[in-house]
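Commentary on secondary and tertiary structure
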Amino acid sequence: MVEIEQLDLKLLLEHAHIGVVIHRWDTSIVYANPTALRLLRLTYEQIIGKDAFDPGWHFVDQYGAVLPHEKFPVCRVKDSGQRLENEIVGVVDSHDTNISWFLLNGYPEPAIEEEDSFIVVTFNDITEAKHLFSFQDIVENTQDVVIVTDATDIEAPTGPKIVYVNQAFEQLTGYRREEALGETPRMLQGTLTDKAATQRIHDALSKREAVTEVVLNYDRNGRPYWIEMNIIPLQSKEGEVTHFAAIERDVSERKFHQEQLEKRNQDLKLLKENLEKLVSERTQQLEQANSKLQQLAFFDPLTGIPNRRYFIDQAKKMVAVSHRVGRKIAFGLIDIDHFKRINDTHGHEVGDIVLVKLGQLFARSFRLDDAFCRYGGEEFAFAIFANDTPDVECFLNRLMADIRQLVIETPDGVQLSVTASVGVKVCEPQPNIDVELKLKLADKGLYYVKENGRDGFDIAE
């Protein structure tokens, strides 16, 4: 009878259904069985002699983050002198866009002289099992924004680096995935983002703790939006926090309605006071609102559309985009014709209704890339991208036709229609366009239309 010690162990390895790779203590490979060659899609000549520092190796962890060479399985066994059990590692092959996923085990074979020691790494292909039920597929298709960052470095300006975003991130922010990877979530923050909230987030990440905050972010076109984020640390099997996952939801509408409700309640309280007290309290409220405007106020309380301050801020961002992509930008002012006559004839309540209806019309007429606002009184302002002047003319003709067709019904059942005069200034792409100055030039065109019969527009190049 043949004893087990007489078995040819190398022959067993040659027929094994798991990949086996044997390294010298300097991590260079001295043996790989046929299964290992098949799984790694390499020939024997291509793999023998390779070490962990060879630039041909490309490993990623189970979250898709690139592994530095010191995190390679063979290096971890060498550095710790301990076994490595059931580690999931992805191998990126330059000849295939898909990642191959392996379940690895490794252990040292020590010798009297360290340079005579070996490191044995075995692995199975789990690619199909990993893809059979992929949490990434679920995360990719959820309506909530999901961002995963590396936890190695969280300090500005380099960290934390984004390693994954889902489709909902692209839809909300306007940034493509390729633009976001390698950047930090700070790319979405701006001057009005609450510094105290971001500091609380930083403190929690430093402690490797979960945190929930509501902050103001900006999309690719400079549009502000409120986001409620829940950030959780992700741990490896060894208990080390390697990544942070942020699950985020757009709560802009909720914040807007909350602000509107607070404003309405304040107005009702003021109406109960006498005129002198009303003036005093209104002055105080305006001072508070002016301070709060720097952080929160972006919408006109009457019409519900953006206000002048938000418009100027967004228009300046559009100037930068215009210069970057080489498109013209047109600034315009819209004034309701005979608005004073409407107020004098039908009362200020009807005048407010006209402003609200026009605000709703503009919200439907302008594109997401455009900026518009109630500029003040019966005036509205806008900024649009355009390839040339005929583009602007086409847009204005359509807008003025929509205004003429608008039917406004008063509380008394009277139906009104209105017209408007428009002045426009078209600008070539430049890095430092003075928005306020261009609006003044558009205002001259507006008054030219007013003096020549109203219900028209004037475009100045």
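Before reading on, note that the structure itself is shown above.
Note that the coordinates shown come from a computational prediction; the quantities given were computed from them, not determined experimentally. (Residues numbered from 1 in each chain as written. Predicted model: local features only at pLDDT ≥ 70, side-chain atom pairs only at ≥ 80, totals over all residues. Heavy atoms only, no water.)

1. As for the overall build of the chain
- Each helix and strand in the chain was counted, giving 16 helices and 18 strands.
- A compact globule built from 461 residues should have a C-alpha radius of gyration of about 23 Å, whereas the chain, at 32 Å, is more than 25% larger.
- Each principal axis of the C-alpha distribution contributes one length, and for the chain these read about 115 × 50 × 40 Å.
- Buried residues in the chain amount to 42% of all 461 residues.
- Taking the contacts inside the chain whose residues are at least 6 apart along the sequence as the reference set, 55% of them involve residues at least 24 apart.
- Working note: accessible area of the chain is about 26100 Å², and carbon and sulfur atoms make up 52% of it.
- Positive and negative side-chain charges of the chain, numbering 52 and 75 respectively, have mean locations separated by a distance of 8 Å. (Helix = DSSP H or I, 4+ residues; strand = E, 2+ residues; numbered from the N terminus. Rg over C-alpha atoms; globule rule 2.2 N^0.38 Å. Buried < 20%, exposed > 50% of the residue type's maximum accessible area, 1.4 Å probe, protein only. Contact = heavy atoms within 4.5 Å. Areas by Shrake-Rupley, 256 points an atom, 1.4 Å probe, with all protein chains shown as cover. Lys, Arg positive; Asp, Glu negative; His and termini not counted. Charge placed at Lys NZ, Arg CZ, Asp CG, Glu CD.)

2. Quick look at unusual backbone geometry
- Here the bond from Ala156 into Pro157 is cis, since omega is 0°, no more than 30 degrees from zero.
- For Pro157, the location among the structural elements is in the loop between β7 (145–150) and β8 (162–165).
- Cis geometry is found at the peptide bond from Gly159 to Pro160, where omega equals -5°.
- With respect to the helices, strands and loops of the structure, Pro160 is situated in the loop between β7 and β8.

3. Examining a negative patch on the surface
- Side chains of Glu113, Glu114, Glu115 and Asp116 sit close together on the surface and give a patch of like negative charge.
- Relative to the elements of secondary structure, Glu115 occurs in the loop between β5 (99–109) and β6 (118–125).
- Residue Glu115 is classed as exposed on the basis of its relative accessible area, which comes to 53%. (Patch = residues over 30% accessible without salt bridge, like charges linked within 9 Å, V, L, I, M, F, W, Y side chains within 5 Å. Salt bridge = Lys/Arg side-chain N within 4 Å of Asp/Glu carboxyl O.)

4. Here's the deal with the nonpolar core
- By size, the foremost hydrophobic cluster in this structure holds 32 residues, and its most contacted members are Leu358, Phe362 and Phe382.
- Put simply, the parts of the chain that give this core at least two residues each are β12 (328–336), α13 (339–346), α14 (348–365), β14 (379–386), α15 (389–405) and β17 (420–427). (Core = buried A, V, L, I, M, F, W, Y, C linked by side-chain atoms within 4.5 Å.)

5. Side note on the sheet that holds β14
- In spatial order, the strands read β13-β14-β12-β17-β18; together these five strands make up an open sheet with mixed pairing. Of all strands in the sheet, those bounded by a partner on one side alone are β13 (371–376) and β18 (457–460). Between one strand axis and the next, the sheet turns by 20° as a mean value, whatever way the strands run.
- Pairing analysis gives four bridges linking β17 to β18, with the strands arranged parallel. Directly across from Lys425, in β18, lies its bridge partner Ala460. (Pairing = 2+ DSSP bridges. Axes fitted to C-alpha atoms, helices over the stretch in contact; angles between N-to-C directions.)

6. Focus: the environment of Pro160
- Under the relative-accessibility criterion, Pro160 is labelled buried at 8%.
- The spacing of Pro160 and Phe244 is 84 residues in sequence and 8.9 Å in space, taken between C-alpha atoms.
- With residues up to four places along the chain from it excluded, the contact list for Pro160 reads Thr149, Asp150, Asp153, Ile154, Glu183, Thr184, Pro185 and Arg186.

7. Some details on the sheet that holds strand β4 (residues 84–92)
- Taken together, the six strands give an open sheet; going across it, the order is β2-β1-β6-β5-β4-β3, and neighbouring strands pair in antiparallel fashion. On the outer flanks of this sheet lie β2 (29–32) and β3 (59–60), each paired with one strand and no other.
- Relative to β4, β3 runs antiparallel, the two sharing two bridges. Following the sheet pairing, Phe59 is matched in β4 by Val91.

8. Details of the pattern of salt bridges
- Overall, the coordinates contain 18 salt bridges when judged by the stated rule.
- Between Glu428 and Lys328 there is a salt bridge, with its nearest N and O atoms 3.4 Å apart. Of the two residues, Glu428 is situated in the loop between β17 and α16 (435–451) and Lys328 in strand β12; the sequence distance between them amounts to 100 residues.
- On the basis of relative accessibility, which here comes to 43%, the residue Glu428 falls in the partly exposed class.
- With relative accessibility at 17%, the residue Lys328 sits in the buried group.
- Taken together, the shared-partner salt bridges connect Asp335, Asp337 and Lys450 into one network.

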